[in-house]
There are 2 protein chains.
Amino acid sequence: MQETARKTGSAAAPLPRLPAHETIYRQLRALVLFGDLAPGQAVTIQGLCERLDAGMTPVREALRRLIAEGALELQGNRRVSVPLLDAGHVGELMFARQWLDPHLAERATARATTADLDGLTAIDADLDRAIQQGDMRGYLERNYRFHRTIYDLADAPILADVADGLWLRFGPSLRVVCGRIGTLGLPDRHKDLLDAMRAGNGKAAAEAIRADVVQGMEQVRQSLAQSARAG
Amino acid sequence: MQETARKTGSAAAPLPRLPAHETIYRQLRALVLFGDLAPGQAVTIQGLCERLDAGMTPVREALRRLIAEGALELQGNRRVSVPLLDAGHVGELMFARQWLDPHLAERATARATTADLDGLTAIDADLDRAIQQGDMRGYLERNYRFHRTIYDLADAPILADVADGLWLRFGPSLRVVCGRIGTLGLPDRHKDLLDAMRAGNGKAAAEAIRADVVQGMEQVRQSLAQSARAG
DNA sequence: CAGAGAAAAATTTGATCATATCCTGATGGC
DNA sequence: GCCATCAGGATATGATCAAATTTTTCTCTG
């Protein structure tokens, strides 16, 4: 979370030496967040050891962490899998995000500097580029990063933690949605948000992000209903 | 989470054999939740191994889990400690609970059976008894159990998980509050809630629990301000 | 005799431990 | 005041043990 300044003369020495379980955690987290693991898929420790070329202990610890965050599920028999969402779960997630994201956006609006806004604008531009190019992975990464940056700007660590944790729960399903509908036809509601933030209008920012959240979650819900009908 | 039915003739064989990391986790969780670990206190792996008479590996895994849930904090230098809350954190927690708890109470009201209500009433009676007897630990346990039971009744696993996780964050501080003001002088707002639930009035239940949450969190906030002035 | 079903062996996977290695912060000499 | 050394503690490995699943085999019936 925090970078401790190092006395090494070089401008940026951001990785003094990261523990293995931490790097494994980040890799695994990305795997979940960007849909490299499908909903319902089984996950074995030893499989991950091979896939990530790591020892058992760090992998086990990273898994515990993800399980605690709800990103993975421990199904009675000690086996681990990617959770399958049902309509109720999506409803809960939509409800939670409809409340958290606008609040955080409002706080972020009050605190963001011009540099912060430039950063967000740049991420959004990258996001648009990814959409144009049909780069789904790029889209998912930028979209997450965009929202995550807002969480960080809100200066509310606990709420940001909670909001961030929700992404891990619908990440796998979000990927399925995108696989279905492609990257095109995703209306970009981020522009409204950026306008509101630049204007310092917290309420408008909150409303803009609420619309974005509802639209995204609604798509997940529909995709889910479609899967249920098919399977 | 789920009980697998065993074929052993006996009525209840609920613990076929729980993994060590799981039992350790529960013990540690209780330690945090009920204030056996003070805010700011350092926690060492080897110390816990001795205290709980366990091996390092299960303790490490339990710690990772608690850290992921925000119950403990990993301070850059690989050391682990109980987080110290500031006013901003308490504000976040109050904000989150003011939104989550009422919603869950409303859902619980719609779903609770007569037996469920009897169970809640019994817990509340135990709680009153603990207050009368000045049994702080008993009070904290029953209070948690009361709210937790409502979360479970709401049939909203994700939101319940989030709400439950918040308790781990203010557990240590709550204990400090009680140590300061004693168990007496704690107005019991649970009666209003139970009345509303029995009447099937979800909105009233939500309002009753909101009052309870605000009162509790406000006490934590004041206690914290007092500590800051003193220390 | 063929096939369904159950017992049992085998394999896969998870859990734990003891131990070795590496960091971090502190102590003491220069 | 600075660098070397040291102790306490965290991290990671590999081996070992236990549980669960899968596969195999055997038996009993139609």
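Residues numbered from 1 in each chain as written. Chains lettered and ligands numbered in written order. Predicted model: local features only at pLDDT ≥ 70, side-chain atom pairs only at ≥ 80, totals over all residues. Heavy atoms only, no water.

## Considerations on the relation of the copies chain B and chain A
Move 1: Between chain B and chain A, the superposition needs a rotation of 180° and an axial shift of 0.0 Å, giving an RMSD of 0.1 Å. Considering both components of the superposition, the chain copies are consistent with a two-fold axis.
Move 2: Comparing interface residues between copies, 89% of those in chain B also sit at the interface in chain A, which points to an isologous, same-surface contact. (Least-squares fit on C-alpha atoms with pLDDT ≥ 70 in both. Contact = heavy atoms within 4.5 Å.)

## Let's talk about the confidence of the model for chain A
Move 1: Considering every residue of chain A, the mean pLDDT works out to 90; 91% of them sit at 70 or more.
Move 2: No element of chain A has a lower mean pLDDT than helix H9 (residues 202-230) of chain A, at 92, and none a higher one than helix H4 (residues 87-111) of chain A, at 98. (pLDDT = per-residue confidence, 0-100. Helix = DSSP H or I, 4+ residues; strand = E, 2+ residues; numbered from the N terminus.)

## Some words on the protein's contact with DNA strand C
Move 1: In the vicinity of DNA strand C there are 17 residues, among which Ile45(A), Arg60(A), Ala20(B), Thr57(B) and Asn77(B) approach most closely.
Move 2: Among the atoms of DNA strand C lying within 4 Å of the protein, the sugar-phosphate backbone contributes 74%. (Near = heavy atom within 4 Å.)

## As for the protein's contact with DNA strand D
Move 1: Of all residues adjacent to DNA strand D, which total 15 residues, the nearest are Ala20(A), His21(A), Thr57(A), Asn77(A) and Arg60(B).
Move 2: Within the contact set of DNA strand D, a phosphate oxygen lies 2.3 Å away from a backbone nitrogen or oxygen of Ala20(A).
Move 3: One of the side-chain N or O atoms of Arg64(B) is found 3.3 Å from a phosphate oxygen in DNA strand D.
Move 4: Of all the elements in the fold, those that place two or more residues in the surface near DNA strand D are helix H1 (20-33) and helix H3 (56-68) of chain A together with helix H2 (45-52) and helix H3 (56-68) of chain B.
Move 5: If one sorts the elements of the surface near DNA strand D by residue count, H3(B) sits on top with three residues.
Move 6: Along the lines of polarity and charge, the residues of the surface near DNA strand D split into five nonpolar, six polar and four charged. (Polar contact = N/O pair within 3.5 Å; in protein donor to acceptor, adjacent residues only side chain to side chain. Nonpolar A, V, L, I, M, F, W, Y, C, P; charged D, E, K, R; others polar.)

## Here's the deal with the interface of chain B and chain A
Move 1: With 28 residues of chain B in contact, the opposing surface of chain A contributes 26 residues.
Move 2: Taken together, the two surfaces of chain B and chain A that pack against each other cover about 2,700 Å², and 65% of this comes from carbon and sulfur.
Move 3: Inspection of the chain B/chain A interface yields six salt bridges.
Move 4: Taking the shortest distance from any N to any O, the salt bridge between Arg169(B) and Asp161(A) comes out at 3.2 Å.
Move 5: On inspection of chain B and its partner chain A, the count reaches twelve residue pairs in polar contact (both at pLDDT 80 or more).
Move 6: Put simply, the parts of the chain that give the side of chain B that touches chain A at least two residues each are H3, strand E2 (73-75), helix H4 (87-111) and helix H7 (157-181) of chain B.
Move 7: Partitioned by chemical class, the residues of the side of chain B that touches chain A number 13 nonpolar, six polar and nine charged. (Buried area = accessible area lost by both parts, 1.4 Å probe. Salt bridge = Lys/Arg side-chain N within 4 Å of Asp/Glu carboxyl O.)

## Things to note about the pattern of salt bridges
Close approach of charged atoms lets side chains of opposite charge pair.
Move 1: All chains considered together, the criterion is met by 39 salt bridges over all chains.
Move 2: Where Arg129(A) meets Asp126(A), a salt bridge forms, and the shortest distance between an N and an O atom there is 2.8 Å. Residue Arg129(A) and its partner Asp126(A) are located together in helix H5 (residues 114-132), separated by three residues, close to a single helical turn.
Move 3: On the basis of relative accessible area, Arg129(A) is assigned to the partly exposed category, the value being 47%.
Move 4: Using a relative accessible area of 28% as the deciding quantity, one classes Asp126(A) as partly exposed.
Move 5: Asp164(B) serves as the salt-bridge partner of Arg148(B), at 3.0 Å between the closest nitrogen and oxygen. Separated by 16 residues along the polypeptide, Arg148(B) in helix H6 (residues 136-153) and Asp164(B) in helix H7 bring together distant segments of the chain.
Move 6: A relative accessible area of 8% means that Asp164(B) is categorised as buried.
Move 7: Salt bridges linked by common partners bring Arg29(A), Glu69(A), Arg148(A), Asp152(A) and Asp164(A) together as one network. (Buried < 20%, exposed > 50% of the residue type's maximum accessible area, 1.4 Å probe, protein only.)

## Structural notes on helix H7 (residues 157-181) of chain A
Residue and element names in this part refer to chain A.
Move 1: Taking 1.5 Å as the rise per residue, H7 with 25 residues should run 36 Å; its terminal C-alpha atoms sit 34 Å apart, in good agreement.
Move 2: Of all the bends in H7, the largest measures some 50° and sits at phenylalanine 170, one to four residues before the proline proline 172.
Move 3: Within H7, 18 of the 25 residues are buried, which leaves the element mostly enclosed by the surrounding structure.
Move 4: Immediately beyond the C-terminal end of H7, within one or two residues, lies glycine 182, with a positive phi of roughly 75°. (Expected span 1.5 Å × (residues − 1). Bend = angle between axes of the 7 residues up to and from the residue.)

## Notes on the packing of H1(A) against H3(A)
Residues and elements named next belong to chain A.
Move 1: Relative orientation of the contacting elements H1 and H3 amounts to 50°, with a least axis distance of 8 Å. Taken as axis vectors, H1 and H3 run oblique relative to one another. Handedness of the H1/H3 crossing: right-handed. Listed contacts from H3 to Ala20, His21, Glu22, Ile24, Tyr25, Leu28 and Arg29 of H1 are Pro58, Val59, Glu61, Ala62, Leu63, Arg65 and Leu66.
Move 2: In terms of residue class, the contact of H1 with H3 is built from nine nonpolar, one polar and four charged. (Axes fitted to C-alpha atoms, helices over the stretch in contact; angles between N-to-C directions. Parallel < 35°, antiparallel > 145°, perpendicular 65-115°, else oblique. Left-handed = near helix turned anticlockwise from the far one by under 90°.)

## What about the domain arrangement of chain A?
Residue and element names in this part refer to chain A.
Move 1: Taken domain by domain, chain A holds domain 1 (20-81) and domain 2 (87-230).
Move 2: Using C-alpha coordinates to define each centre, domain 1 is positioned 24 Å away from domain 2.
Move 3: Contacts between domain 1 and domain 2 engage twelve residues on the former and 15 residues on the latter.
Move 4: Summed over both partners, the interface of domain 1 with domain 2 comes to about 1,200 Å²; 63% of that surface belongs to carbon and sulfur atoms.
Move 5: A per-residue breakdown of the area domain 1 buries against domain 2 is headed by Arg29, Leu33 and Phe34, which together make up 50% of the total.
Move 6: At the boundary of domain 1 with domain 2, the tally comes to two salt bridges.
Move 7: A salt bridge links arginine 29 to aspartate 164; the shortest N-O distance between them is 2.5 Å.
Move 8: The tally of links between domain 1 and domain 2 comes to four residue pairs in polar contact (both at pLDDT 80 or more).
Move 9: Here the element with the most residues in the side of domain 1 that touches domain 2 is H1; it accounts for three residues. (Domains from an automatic or database assignment.)

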